[in-house]
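Secondary and tertiary structure notes
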Amino acid sequence: MVYKAIEGLVQYGQSRGLIKETDAVYARNQMLDVLKMDEFEAPEGPVPCEDLEAILGELLDYAAGAGVLENDSVVYRDLLDTKLMNCLMPRPSQVEEEFWRRYEISPETATDWYYNLSQDSDYIRRYRIKKDMKWVTKTPYGDLDITVNLSKPEKDPRAIAAAKLARQSGYPKCQLCMENVGYAGRANHPPRNNHRIIPVTINESRWGFQYSPYVYYNEHCIVFNGRHVPMKIDRAAFRKLFDFIKQFPHYFLGSNADLPIVGGSILSHDHFQGGTIPLPWQRPELRSILP
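Anyway, here's the lowdown on the structure attached to this text. (Residues numbered from 1 in each chain as written. Predicted model: local features only at pLDDT ≥ 70, side-chain atom pairs only at ≥ 80, totals over all residues. Heavy atoms only, no water.)

Points about the overall build of the protein
Heads up, the condition is: Helix and strand definitions here come from DSSP, where helices need a minimum of 4 consecutive H or I residues and strands a minimum of 2 consecutive E residues; each element is numbered from the N-terminal end. Only protein chains enter the accessibility calculation, which uses a 1.4 Å probe; a residue is then buried when its area is under 20% of its type maximum, exposed when over 50%, and partly exposed in between. Under the convention used here, a 1.4 Å probe and the Shrake-Rupley method define accessible areas, while residue burial counts only the protein chains that appear.
Broken down by element type, the protein carries 10 helices and seven strands. Counting every position in the protein, which comprises 291 residues, the buried fraction comes to 46%. Looking at the protein as shown, the accessible area adds up to about 16,000 Å², and 53% of this sits on carbon and sulfur atoms.

Laid out in structure tokens, this is it:
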């Protein structure tokens, strides 16, 4: 029943601290608008609110049957459920203020809160991340960590055809630009309605701090230039790296090469990647043999 799923999503938002009880009516009405509904009946009996994947799945199935979805593919389902999740999201300024308030306690307190928000908002889809494959294999040079990322959805033929016909846009210029915050997306650009960025100062300039929605490792973060400028590995790159870890000493930060194929996937935008996972060279048995 669609009313129960709507109420379940509202209660999910309350249980995760995304909205307060006084926000419930507003959030519910925003969801009705996304689903092109103009009425609501309070469901009877208990309302499940813990399984976010199931709740969104029921709402998307309703949208597909009601003709709200342009086509029933993962790309268009993602476009719609991200709009639904944004009905529970605080404004970017509120997220920024809360982050820096917690930063006064400790940098780790701030990033813990922000990482949980990024998951509870479904920007990081927990139910997809858990499908990733990870294992360790022995090698003559020590243990090798191997991961296979399965959380990034594959486009089906209908979505590929729709993307080909979609109007080409230069906005946002890439998936790392500041303008992605709150962007609804399209067939050839992922939705970011529920995306929030933390502005940081790096090398005396404005940068952004966010998490990767695909999480290759724990707290996989991206630190990116506030301007759309290409990657460049030079002396300033090291200054930028150290600027970040001075502010967030519990994180590591590194850079892809600024070369095609062997480098990063978005060379057009200056950025670094980091997180909290212990890197292989940090292990005592390997550090003892490093020069």
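Side note on the packing of aromatic side chains
Cut-off, in case you're wondering: When the centres of two rings from Phe, Tyr and Trp lie within 6.5 Å, Trp using its six-membered ring, the rings pair. Their planes under 30 degrees apart give stacked, over 60 give edge-to-face, and anything left gives tilted.
In this structure the tally under the stated criterion is 19 aromatic pairs. Of the aromatic side chains, those joined through ring pairs into one cluster are Phe99, Trp100, Tyr103, Tyr114, Tyr115, Phe209, Tyr211, Phe244, Phe248 and Tyr251.

A few points about the nonpolar core
Soluble globular proteins tend to bury their nonpolar side chains together. Basically, it comes down to this: Residues enter a nonpolar core if they are buried and are Ala, Val, Leu, Ile, Met, Phe, Trp, Tyr or Cys, with the set joined through side-chain atoms within 4.5 Å.
Among the nonpolar cores identified, the biggest contains 60 residues, and Leu9, Met31, Leu59, Leu88 and Phe209 are the most heavily contacted of them. Residue contributions to this core peak at seven residues, all from helix 1 (residues 2–15). Core analysis: the second largest hydrophobic core is formed by seven residues, Cys174, Leu176, Ile197 and Phe224 among them.

Let's talk about the side chain of Asn71
As a reminder, the rule being used: We define a polar contact as two N or O atoms separated by no more than 3.5 Å, with the added condition that, inside protein, one atom must be a possible hydrogen donor and the other a possible acceptor, whereas residues neighbouring each other in sequence contribute only through side-chain atom pairs.
Note that Asn71 resides in the loop between helix 3 (52–65) and helix 4 (74–86). For Asn71, a relative accessible area of 16% translates into the label buried. Within the structure, the side chain of Asn71 is placed 2.7 Å from the side chain of Ser73, a separation counted as a polar contact.

Regarding the pattern of salt bridges
Our working definition: Any Lys or Arg side-chain nitrogen found within 4 Å of a carboxyl oxygen on Asp or Glu counts as a salt bridge.
Applying the stated rule across the entire model yields 14 salt bridges. Note that Glu7 is salt-bridged to Arg28, the shortest N-O span being 3.0 Å. Taken together, the residues span a long stretch of sequence, with Glu7 in helix 1 and Arg28 in helix 2 (residues 24–34) at a distance of 21 residues. Take Glu7 and Arg28: they sit in the same class, and that class is buried.

Here we look at the layout of surface pockets
Any empty space left between atoms is shown by rolling a water-sized probe over those atoms. Spelled out, the test is: Put simply, the grid is 1 Å and covers the protein atoms alone, a cavity is a trapped set of points that fit a 1.4 Å probe, a pocket is an open set with protein on both sides within 12 Å along at least five of seven lines, and lining residues have an atom within 4 Å of a point. Grid points are joined across faces, edges and corners, and a volume is the space filled by probe spheres set on the points. For this classification, the nonpolar set comprises Ala, Val, Leu, Ile, Met, Phe, Trp, Tyr, Cys and Pro, the charged set comprises Asp, Glu, Lys and Arg, and every other residue, Gly included, is treated as polar.
Its boundaries defined by the atoms lining it, the largest pocket holds a volume of some 710 Å³. Lining the largest pocket are 27 residues, and of these Leu18, Met89, Pro90, Arg91 and Gln94 lie nearest its centre. Secondary-structure elements contributing two or more residues to the lining of the largest pocket are helix 2, helix 5 (92–103) and helix 6 (107–120). When its residues are assigned to classes, the lining of the largest pocket shows 13 nonpolar, seven polar and seven charged.

Section: helix 6
Put simply, the rule is: One less than the number of residues in a helix, times 1.5 Å, gives the span that helix is expected to have.
Between its terminal C-alpha atoms helix 6 stretches 20 Å, which fits the 20 Å expected from 14 residues at 1.5 Å a residue. Turning to helix 6, its buried residues number three or more, namely Ala110, Thr111, Tyr114, Tyr115, Leu117, Ser118, Gln119 and Asp120. In the segment just after helix 6, Asp122 is the residue with positive phi, at about 70°.

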